[in-house]
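# Survey of secondary and tertiary structure
If you want the building blocks of each chain, they are given just below.
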Amino acid sequence: MCIRDRDQTVLANEQVVGGLCERCDTPVTKKKLTQWYFGITQYADRLLDDLNQLEGTWPAKVLTMQRNWIGRSVGADVQFVIEGRDEPVSVYTTRPDTLYGATFMVVAPDSDLAAELAATAPEQTQQEFATYLDRVKAITEIERQSTDHEKTGVFLNHWAINPVNGERLPIWAADYVLSDYGHGAIMAVPAHDQRDLDFALKFDLPVRVVVETGLPDPADSHIAATGEGRLINSGPLNGHTKTEAIDLIIRILEEKGLGRAAKNFRLRDWLISRQRYWGTPIPIIHCPQCGEVPVPDDQLPVELPPMSGDELRPRGISPLADAEDWVNVPCPQCGAAAKRDTDTMDTFVDSSWYYLRFVSPHDDTAIFDIAEAEKWAPIDQYVGGVTHAILHLLYSRFVTKVLFDMGLVTFTEPFSALLNQGMVLMDGSAMSKSRGNLVRLSDELEEFGVDAVRLTMAFAGPPEDDIDWKDVSPGGSARFLARAWRLARDVTSAPEVVWADGDHALRRATHRLLADVPQLIEAFKFNVVIARVMDLVNQVRRVIDSGAGPADPAVREATENIAIILSLFAPYTAEDMWRLLGYQPSVARAGLRKPDHALLVEESVTCVVQVNGKVRDRLEVSPQTSEAELTKLALESEQVQHILAGAEPVKVIVRAPKLVNIVAR
RNA sequence: GCCCCCAUAGCCCAACUGGCAGAGGCAGCCGACUUAAAAUCGGCCCAGUGCGGGUUCGAAUCCCGCUGGGGGCACCA
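Residues numbered from 1 in each chain as written. Chains lettered and ligands numbered in written order. Predicted model: local features only at pLDDT ≥ 70, side-chain atom pairs only at ≥ 80, totals over all residues. Heavy atoms only, no water.

Let's shift gears to the protein's contact with RNA strand B. Taken together, 49 residues lie around RNA strand B, and His-149, Tyr-181, Arg-195, Arg-266 and Arg-618 are the ones closest in. Per the 4 Å cut-off to the protein, sugar and phosphate atoms form 64% of the nearby atoms of RNA strand B. Between RNA strand B and Asp-471, the relevant distance is 3.4 Å, taken from a sugar or linking oxygen to a side-chain nitrogen or oxygen of the residue. Between a sugar or linking oxygen of RNA strand B and a side-chain N or O atom of Asn-527, the distance comes to 3.4 Å. Examining the composition of the surface near RNA strand B, we find that seven residues originate from one element, helix H18 (residues 526-546), more than from any other. Of the residues that constitute the surface near RNA strand B, the class distribution is 18 nonpolar, 14 polar and 17 charged. (Near = heavy atom within 4 Å. Polar contact = N/O pair within 3.5 Å; in protein donor to acceptor, adjacent residues only side chain to side chain. Helix = DSSP H or I, 4+ residues; strand = E, 2+ residues; numbered from the N terminus. Nonpolar A, V, L, I, M, F, W, Y, C, P; charged D, E, K, R; others polar.)

Below, the discussion takes up the pattern of salt bridges. Inspection of the entire model under this criterion finds 30 salt bridges. Measuring nitrogen to oxygen at the nearest pair gives 2.9 Å for the salt bridge that ties Asp-49 to Arg-72. Of this pair, Asp-49 sits in helix H1 (residues 44-49) while Arg-72 sits in strand S4 (residues 72-82); the two residues are 23 residues apart in sequence, bridging distant segments of the chain. Relative accessible area serves as the criterion here: at 38%, Asp-49 is assigned to the partly exposed category. Salt-bridge contacts for Asp-50 lead to Lys-401; the nearest nitrogen and oxygen are separated by 2.5 Å. (Salt bridge = Lys/Arg side-chain N within 4 Å of Asp/Glu carboxyl O. Buried < 20%, exposed > 50% of the residue type's maximum accessible area, 1.4 Å probe, protein only.)

Note that S4 and strand S7 (residues 154-161) share two bridges and pair antiparallel. Residue pairing for S7: Ile-82 is matched across the bridge by Ala-160. Pairing of S7 with strand S8 (residues 168-173), which is carried by six bridges, proceeds in the antiparallel orientation. Across the sheet, Trp-159 pairs through a bridge with Pro-170, a residue of S8. Taking the residues that link successive antiparallel strands as the turn, the S7-S8 hairpin has six residues, and the phi of Gly-166 there is positive, at about 70°. (Pairing = 2+ DSSP bridges.)

Written out as structure tokens, the structure reads:
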């Protein structure tokens, strides 16, 4: 829970970053509350496995972050009998092979089991436990998670029985075991787990090696032996490798009904209740007779009651509780006086499916129009900040899978491709609303114009990279745009000219650009597109000033295409160029022209001649020159003869028509 | 502590499946135009691809090991 004035609400696991509230950086506190959750953990396997479908189209970084966050681990549940308790206790372990090395058990201090065991312990133990529990609750999440948090704990005066060898294991409560992961209880194998070893050393508990790893005894080295090895001191497991022993012990435990293979996830269920006004009311009515009753479909959606001003201020309880007319409703089942749930849903619930609502925003009969969704979704290309890597993007994937299971969509992943755009930095620091803008965008726009500022951002580098504003030059962009604009001003030919009469070299350059632009755009290489346009602008300038002159048709052709391509980045400049060239608005509607393939055929190419990988000569040849011909020409080269100095070529590698490599000696 | 990504000119960045290291820009220098300056135009300078090995006819590109930077996870049994 975030307690600061601004938020005062409970949060989901994903919204707690390093023990701090994701929105306002306030340390979070824990509180026992009854809240609504979405069962995202039931989709954990699919959320993890389906990431493979996104390989290559999503940034590898985001895939890794989601995999880490879901955190699947495989191992076994093992049942331990507790002396004096009827029900055995399950523990989860990824190393069931080390079961013979267990020397104690640890339970989470805030678990029901710990409370139960403490309650049946001697008076002094009860006191120690109560004190310890208070202490654990008092420390913040940050302190608890700090890297070298000293191990703490209390002995509960109870014993568990190791199911495979009947040994009595003392049961401790310690906060390095979490109540909400696995079963909130572990078997401790100090020889082969660093955390257990640290605890055992601190409280003088036995350390027993059961895997021969060739490493020094952990009891002496204080380093747990987590590597591979053969099992020892482990009855039927002796002599087996770690992997074999894991399979074997699981089989033995299953046969005896003492355990089974199991897996666990780091992912927790999604807590969606929020004590805020702005959000979607949770459509549940609490009836004293019927309990929690869903609002009937024909009364959905539940709309917020009108409230304003101070009524909306967060106070740790939902503002909606004050809207009495709204809260008090008859139970849909029995008609008795009942109350609406006064919490609203996490707004991430809404953003998880907005992309589907957007295809039919005016449909008031359904969540969205299934046919429209079928037509438009999933999203081909999604662009967003990496900040949503495990919030929005995980929730949205989850909701999409739920909608798929409900038969509302036919796909299981909402975003086929993802691009994480970079940020604009100043001297290495992010500019943001909270930190304040280190460069005033308004000043930059005032000085250089919006076209130049946008062009600067597109030209600075690949879109996924951060840009440091100190490295870029909006002034340079403005100069370039003026330079391009002057071409349009200088063109003297009419739109009706015959392009085929134009300067051949310039025409070829123009059509090469036209051929390359579509794929560059699709690959998001906007910086390269702009560089190529700059190159063409330079060439046109040269033709105007010292070549065929401003009346040449190729000059017009090149300039028109420059305007069309530039309209992607600098629409105002491009429109004005278009007008100067004698057209009506809008260049944006002109469409990218198709290259004339006849102009793309190379008339001659430079063939590089290497000797032992070093360039020694260049040949101007026709693109159709055969390998044999190239070999002959290369060997005849004076340069090559000189370098070879009579040595016999061992091998000639030809990549016609661009390269010949002669291997000598 | 574990995992991932990146490293090319003074700076930002290019280089298709290994095949001529430079497309473009910034900064700098020189020149033209100008009474002068700005703007403009032309030209020039600049790295052998972080370091060390390996594979290959050939490596910025592939492999291994380092260094530096960035990011993710971090008592999850």
